[in-house]
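# Descriptive structure summary
For reference, the chains in residue letters:
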Amino acid sequence: MERYAQPTSVKEAVELLAADAWVMLAGGTDFYPGLGEGPVSGPVLDISRIDDLRGISRDDANAGWRIGALATWTQLVRAHDLPAAFDCLKQAALEVGSVQIQNRATIVGNICNASPAADGVPALLVLDAEVELTSARTTRRMGLGEFVQGNRQTARQPDEIVTALFIPDHATRGSSAFFKLGARRYLVISIAMIAARLELDGTGLVKTAAVSVGACSVVAQRLSGLESELVGANPGDIHAIPAARHLDCLSPIDDVRAPAGYRLEAAREGVCRALGACVEGRS
């Protein structure tokens, strides 16, 4: 390791990033396995002591919820004041590795790693998550769908830190659910995973719908066509709406976990199950 820095403020961290190229370290659950048997290459910027990046809190000024860059999956699961629409993200949290990993791994680290099978991304997509990036120059915010650009590729610039995720209030209404299929029940990379959120209107019909699928394309995808068809539907009828055409935006691959065709079938079934769980969550 050439150099190691452990700043205690965002200002100190972004000033270091402005002056040189650093490898970012937070929870470390992706960082260390990614080294394999080799040594750390390049200077390491450890942001784990920046208190301003901790916690999950209400952001009244911006009408939403703020998930700090150092918030862990366990902290999310234990947060009892979150709206019911966060249930899909809490369910995804329980699928992230082992309990020990959940205690240490950060939610933001999951999206920065940008794996096609990142458990948190589909749930964050149906919550319309926005990514906050901070540099010495400015702070900017973009939608998660823009931020994750490909396999291990994000829109983060070398001089930026992802300081938080923001969930707007409009995306925290209704109920939500998460479904994951793997080769076994625990400690497994997804074959397909689905997050769904439904909000009903005063007459009991679907007012807004959000559905996303992960592990079936290079980046997780929202199913916008299906979402449009769900609006106005009777919740009792939604199980019959998802069809193969709604999955046309996906591009699954054949690999050691499953063939592409099986992934598509699993995704369609998972969509039906997640939507059904949303309806059950309303009762």
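About the cut-offs
- Residues numbered from 1 in each chain as written.
- Predicted model: local features only at pLDDT ≥ 70, side-chain atom pairs only at ≥ 80, totals over all residues.
- Heavy atoms only, no water.
- Helix = DSSP H or I, 4+ residues; strand = E, 2+ residues; numbered from the N terminus.
- Rg over C-alpha atoms; globule rule 2.2 N^0.38 Å.
- Buried < 20%, exposed > 50% of the residue type's maximum accessible area, 1.4 Å probe, protein only.
- Contact = heavy atoms within 4.5 Å.
- Areas by Shrake-Rupley, 256 points an atom, 1.4 Å probe, with all protein chains shown as cover.
- Lys, Arg positive; Asp, Glu negative; His and termini not counted.
- Charge placed at Lys NZ, Arg CZ, Asp CG, Glu CD.
- Pairing = 2+ DSSP bridges.

## Focus on the overall build of the chain
- The helix and strand tally for the chain stands at 10 helices and 14 strands.
- A compact globule built from 283 residues would reach a C-alpha radius of gyration of about 19 Å, and the chain, at 19 Å, matches this within 12%.
- Judged by the C-alpha coordinates and their principal axes, the chain covers about 60 × 45 × 30 Å.
- Classification of the 283 residues of the chain by burial places 52% in the buried group.
- Considering only contacts within the chain whose residues lie at least 6 apart along the sequence, 60% involve residues at least 24 apart.
- Surface summary for the chain: the accessible area is close to 12,900 Å², and the carbon and sulfur share equals 50%.
- Taking the 27 positively charged and 33 negatively charged side chains of the chain as two groups, their mean positions are separated by 2 Å.

## Quick notes on the environment of G281
- Here G281 is to be found in helix α10 (residues 260-282).
- Separated by 195 residues in the primary sequence, G281 and F86 have C-alpha atoms spaced 12 Å apart.

## Describing the pairing of strand β11 (residues 175-181)
- Across the 7 residues of β11, 6 count as buried, placing the element largely inside the fold.
- As paired elements, β11 and strand β12 (residues 192-200) share 7 bridges and run antiparallel to each other. Paired with F179 across the bridge in β12 is I194.

## Quick word on the pairing of strand β4 (residues 56-59)
- As paired elements, β4 and strand β5 (residues 64-68) share 4 bridges and run antiparallel to each other. For I56, the partnering residue across the bridge sits in β5 and is I67.
- Here β4 folds back onto β5, and the loop between the two strands holds 4 residues, one of which, A63, carries a positive phi near 55°.

Without other data, these values stay purely geometric and don't point to any function.
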